[in-house]
Amino acid sequence: MATADPRLVKHAFGRLCIAPTNLAAAFPHGGTALGLTAEVNFRPVQRMREVRAEEFGGEVVEIIVGREDVVLAATIRGWDSDALQRVFVRTAAGTSGERVVSYPGSVRAGTLGSDRSVVLLFSPRNTEHHPAILIYRAVPIVDESVSIPLAQKREIVAQVVFRGIRDASDRVYACGRLEDLSL
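Everything quoted here is computed from the prediction, not taken from an experiment.

S.K.: Please provide a residue-by-residue account of the pattern of salt bridges, values included.
M.R.: With the rule as written, the count across this model stands at six salt bridges. The shortest N-O distance in the salt bridge between glutamate 50 and arginine 52 comes to 2.7 Å. Between aspartate 69 and arginine 67 there is a salt bridge; the shortest N-O distance is 3.4 Å. Judged by relative accessible area, which is 54%, arginine 67 ranks as exposed. Among the charged side chains, a network of salt bridges with common partners joins Arg47, Arg67 and Asp69.

S.K.: Summarise the packing of aromatic side chains; cite the residues concerned and give the values.
M.R.: In the structure shown here, the tally under the stated rule is one aromatic pair. Between the aromatic rings of phenylalanine 42 and tyrosine 173, the centroid separation amounts to 5.2 Å while the plane-to-plane angle is 65°, which identifies the pairing as edge-to-face. Here the residue phenylalanine 42 occupies a position in strand E3 (residues 36–53), and tyrosine 173 occupies one in strand E10 (residues 173–176), the gap between them amounting to 131 residues. On the basis of relative accessibility, which here comes to 22%, the residue phenylalanine 42 falls in the partly exposed class. Relative accessible area serves as the criterion here: at 28%, tyrosine 173 is assigned to the partly exposed category. Taking the ring centre of phenylalanine 27 as reference, the NZ or CZ of arginine 15 above it sits at 4.1 Å. The ring of tyrosine 136 is capped by arginine 171, whose NZ or CZ atom sits 3.9 Å from the centre of that ring.

S.K.: Would you mind going over a nonpolar patch on the surface in detail, with residue names and values included?
M.R.: Together, Met48, Val60, Ile63 and Val65 line one region of the surface with nonpolar side chains, adding up to about 350 Å² of accessible area. Of the residues forming the nonpolar patch, the biggest block, three residues, is contributed by strand E4 (residues 59–77). Within the secondary structure layout, isoleucine 63 lies in strand E4.

Cut-offs used in this document
Residues numbered from 1 in each chain as written. Predicted model: local features only at pLDDT ≥ 70, side-chain atom pairs only at ≥ 80, totals over all residues. Heavy atoms only, no water. Salt bridge = Lys/Arg side-chain N within 4 Å of Asp/Glu carboxyl O. Buried < 20%, exposed > 50% of the residue type's maximum accessible area, 1.4 Å probe, protein only. Phe/Tyr/Trp six-rings, centres within 6.5 Å; stacked < 30°, edge-to-face > 60°. Helix = DSSP H or I, 4+ residues; strand = E, 2+ residues; numbered from the N terminus. Lys NZ or Arg CZ within 6 Å of the ring centre and 35° of its normal. Patch = residues over 30% accessible without salt bridge, like charges linked within 9 Å, V, L, I, M, F, W, Y side chains within 5 Å. Areas by Shrake-Rupley, 256 points an atom, 1.4 Å probe, with all protein chains shown as cover.

Below you can see the structure in the form of structure tokens.
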């Protein structure tokens, strides 16, 4: 057994960008930075199915690997126009040049969320030691539990969830060193 190495403990600070075109280039890698983010969480949820044997009283005798659901959740700090345009379904350019979020807006109920999908990259600040996460087709979803604080001593933040779905090449995500990932 290998000896525990505390140097392997990582604190991966990074930023989000959409539509990167060159992973070897500096951040935002030819894409668009997605504002200031905090608390970025990647959740690859593996679904497993148990096989139970009646002859053993319903004991689990096998595990079958099933699908995997991929979600990246983040808190976006501030009122960043690029982030608002990508995250909220219904936005328009205001006369000030900033985005206005409105409802009902021009997007009708029943519109496919995949029409708004983006290539999403979590780009670590330390690319040599921390993992990057590339979601090839990420659909932005504003969670129904979102509340935007409008208080004197609180930042304006919005929580967003990106759900990964298959792209035309059957890819969902890749996680590893940035230099090992490909668009």
